[in-house]
Amino acid sequence: MASTNAVTFLWQGIDRKGFKIKGETQATSEILLKADLRRQGINPTKVKKKPKDLFGGNGKKIVPKDIAIFARQLATMMSAGVPLVQSFEIIGRGHDKPQMQDLVLGIKSDVEGGTSLADALEKQPKYFDALFCNLVGAGEQSGALEALLDKIATYKEKTEELKAKVKKALFYPIAVLVVAFIVCVILLIFVVPQFQSIFEGFGADLPAFTQMVVNLSEFVQAKWWAVFLGIAAAIFAFKYAKQRSPAMRRSLDIMSLKIPIIGGILEKSAQARFARTLATMFAAGVPLVEAMESVAGATGNALYYEATMKMKDDVSTGTQLQQSMKQTGVFPNMMVQMVSIGEESGSLDEMLSKVADFYEAEVDSLVDGLSSLLEPIIMAVLGVLVGGLVIAMYLPIFKMGAVV
């Protein structure tokens with residue numbers, strides 16, 4: 001942003017025609033903001049700092065989809081001939097997320113101050129990665145910023161669409177398992193004790209399966225807090241260890257690729273991201289060796305990251321890209337052949353785009369297939385869990401009926 005001390009202010013005032021207006025503006029101080037408003041012909045009547053939310057932000061969190069939309073809006077306005085600074089003003093003022101407004105208007109302030117767009121974006125690494133900044137920088141240096149912004153927008157849109165498909169594949173089974181767990185806990189805490197009080201009047205030993213469920217119910221009733229605390233601690237420890245341990249992340253990434261069906265989705269999505277990112281950077285004129293590091297980070301998988309970094313070393317010593325890809329052993333033969341054709345014909349970016357389209361369509365098809373396959377499996381799991389508890393409760397009643 002223009003200054004690390006910049007603050008967002010809410011203001012009200014009266015314009016030259018006597019109309020009351022209000023808005024929000026980023027400034028380093030209230031005095032400077034009032035002076036700026038007066039220069040615009042606005043007499044400020046009320047100025048105050050914008051309150052932050054409980055989590056220290058100014059509203060809803062900025063997500064990658066917001067950055068993708070921002071890239072498309074900026075590309076559209078540039079292609080329509082709207083000046084860069086004015087484009088930022090329009091996008092910033094029109095956004096419904098205050099944090100996004102602050103981000104865009106902060107970049108606008110930097111650009112107005114003479115900073116290049118790429119340098120202004122680099123000041124916000126949380127939202128604009130090295131790939132985004134490198135492509136913008138290449139566009140500014142070549143005088144083709146408008147065309148590069150369009151490529152960036154397309155890239156971000158495709159990437160977010162692919163991420164959404166993968167999340168959809170993983171979310172459905174996890175959500176159902178969580179619901180099944182909650183239902184089982186409710187049955188153990190509230191339903192099983194009702195049956196237990198009935199069983200106590202039977203004066204006979206309970207079936208082993210029923211006794212096991214009753215014992216489990218007593219444990220959950222007495223230690224439910226310990227169960228939930230243990231689950232929360234395990235999740236926290238897992239996330240902490242994953243963030244801190246590269247070896248653990250690598251092992252998890254490799255293991256995830258071996259999961260039936262889901263592993264195929266993750267593998268093809270990594271291949272699609274590799275092809276899409278490399279195609280975008282190569283089309284932007286970024287040298288192949290320089291592009292490889294950004295491409296490696298975009299794959300989202302440690303195995304493909306290592307393979308891409310090895311390819312970077314190979315290519316820097318004069319090895320052909322398709323030959324290096326083949327040597328890694330992680331890329332499918334069809335992809336290697338398409339890259340080989342692209343290198344020979346001088347249309348590598350076009351071939352990589354076609355490869356990305358193909359694997360994105362494959363991911364889409366696998367996600368749809370997974371949803372169809374999981375439905376009967378999940379129903380069976382729910383039936384076993386919930387049905388097992390119900391059967392355990394009715395076994396003593398069936399046993400008593402048989403004796404009678």
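Residues numbered from 1 in each chain as written. Predicted model: local features only at pLDDT ≥ 70, side-chain atom pairs only at ≥ 80, totals over all residues. Heavy atoms only, no water.

*Asks:* Explain the overall build of the chain here, please?
*Replies:* Across its full length, the chain holds 15 helices and three strands. Relative to the 2.2 N^0.38 estimate, which gives 22 Å for 404 residues, the radius of gyration of the chain is 29 Å and therefore markedly larger than a compact globule would have. With the C-alpha coordinates of the chain rotated into their principal frame, the extents come out at 95 × 65 × 35 Å. Looking at the chain as a whole, 40% of its 404 residues qualify as buried. Sequence-distant contacts, at least 24 apart, represent 62% of the contacts inside the chain between residues at least 6 apart. When the accessible area of the chain is evaluated, it comes to approximately 22300 Å², of which 61% is carbon and sulfur surface. Put simply, the chain has 43 plus and 40 minus side-chain charges, and the middle of one group is 8 Å from the middle of the other. (Helix = DSSP H or I, 4+ residues; strand = E, 2+ residues; numbered from the N terminus. Rg over C-alpha atoms; globule rule 2.2 N^0.38 Å. Buried < 20%, exposed > 50% of the residue type's maximum accessible area, 1.4 Å probe, protein only. Contact = heavy atoms within 4.5 Å. Areas by Shrake-Rupley, 256 points an atom, 1.4 Å probe, with all protein chains shown as cover. Lys, Arg positive; Asp, Glu negative; His and termini not counted. Charge placed at Lys NZ, Arg CZ, Asp CG, Glu CD.)

*Asks:* Any chance you could explain the nonpolar core here in plain terms?
*Replies:* Across soluble globular proteins, you tend to see nonpolar side chains buried next to one another. Ranked by internal contacts, the top residues of the largest apolar core, which has 77 residues, are Phe128, Leu321 and Phe331. When near neighbours in sequence (up to four residues on either side) are disregarded, leucine 321 contacts Leu278, Leu288, Met292, Met311, Val315, Val339, Glu343 and Leu348. Listed in part, the 13 residues of the second largest apolar core include Val185, Val192, Phe195 and Met393. (Core = buried A, V, L, I, M, F, W, Y, C linked by side-chain atoms within 4.5 Å.)

*Asks:* In this structure, what is going on with the packing of aromatic side chains? I would like to understand it.
*Replies:* Each aromatic ring pair is specified by the distance between its two centres and by the angle formed by the two planes. Under the counting rule described, the total for this entry stands at ten aromatic pairs. Their ring planes at 65° and their centres at 5.5 Å tell us that phenylalanine 195 and tyrosine 394 sit as a pair that is edge-to-face. Residue phenylalanine 195 is found in helix α7 (residues 145-199), and its partner tyrosine 394 is found in helix α15 (residues 348-403); the two are separated by 199 residues along the sequence. Ring geometry for phenylalanine 236 and tyrosine 240: centres 6.2 Å apart, planes at 20°, overall stacked. With phenylalanine 236 and tyrosine 240 both in helix α8 (residues 208-244), this residue pair falls four residues apart, about one helical turn. For tyrosine 240, a relative accessible area of 44% gives the class partly exposed. (Phe/Tyr/Trp six-rings, centres within 6.5 Å; stacked < 30°, edge-to-face > 60°.)

*Asks:* How do you make sense of the pattern of salt bridges when you look at a structure like this?
*Replies:* Pairs can form between side chains of opposite charge whenever their charged atoms are close. Enumeration according to the criterion identifies 16 salt bridges in this entry. Within this structure, Glu89, Arg93, Lys108 and Glu112 form a network of salt bridges that share partners. (Salt bridge = Lys/Arg side-chain N within 4 Å of Asp/Glu carboxyl O.)

*Asks:* Can you help me understand the packing of helix α10 (residues 262-283) against helix α12 (residues 302-316) in this one?
*Replies:* Working note: a packed helix pair is described by the angle between its axes plus the distance between those axes. Two elements in contact, α10 and α12, have axes separated by 11 Å at closest approach and are oriented at 35°. You can see that α10 and α12 cross each other, and the crossing is right-handed. Contacts between α10 and α12 pair Glu267, Ala270, Gln271 and Phe274 from the former with Tyr304, Thr308 and Met311 from the latter. Each residue belonging to the contact of α10 with α12 can be placed in one class, and the counts come to four nonpolar, two polar and one charged. (Axes fitted to C-alpha atoms, helices over the stretch in contact; angles between N-to-C directions. Left-handed = near helix turned anticlockwise from the far one by under 90°. Nonpolar A, V, L, I, M, F, W, Y, C, P; charged D, E, K, R; others polar.)

*Asks:* Please clarify how the side chain of arginine 273 should be interpreted in this entry.
*Replies:* For arginine 273, the location among the structural elements is in helix α10. It is aspartate 253 that comes nearest to the buried, bridge-free arginine 273 among opposite-charge side chains, at 8.5 Å. A distance of 2.6 Å separates a polar atom in the side chain of arginine 273 from the backbone oxygen of threonine 299. When near neighbours in sequence (up to four residues on either side) are disregarded, arginine 273 contacts Leu162, Ala298, Thr299 and Gly300. (Polar contact = N/O pair within 3.5 Å; in protein donor to acceptor, adjacent residues only side chain to side chain.)

*Asks:* So what exactly am I meant to see when it comes to α8 here?
*Replies:* Owing to its 3.6 residues per turn, the α-helix brings residues three or four apart onto one side. For α8, spanning 37 residues, the distance from its first C-alpha to its last is only 45 Å, which falls clearly below the expected 54 Å at 1.5 Å a residue. All of the buried residues in α8 are Thr210, Val213, Val214, Ser217 and Val220. (Expected span 1.5 Å × (residues − 1).)

*Asks:* Is there a simple way to think about the environment of glutamate 293 in this case?
*Replies:* Position of glutamate 293 among the secondary structure elements: in helix α11 (residues 288-298). Assessed through its relative accessible area of 45%, glutamate 293 is described here as partly exposed. C-alpha of glutamate 293 to C-alpha of lysine 312: the two residues are 19 residues apart in sequence and 7.5 Å apart in space. Among all residues touching glutamate 293, those that are not within four sequence positions of it are Met309 and Lys312.

*Asks:* What is the right way to look at the environment of threonine 277 in this model?
*Replies:* When you line up the elements, threonine 277 lands in helix α10. Each C-alpha atom of the pair threonine 277 and alanine 169 lies 22 Å from the other, and the pair is 108 residues apart in sequence. Threonine 277 has contacts with Leu131, Tyr155, Ser294, Val295 and Ala298, leaving out every residue within four places of it along the chain. A polar side-chain atom of threonine 277 sits 3.0 Å from a polar atom in the side chain of tyrosine 155.

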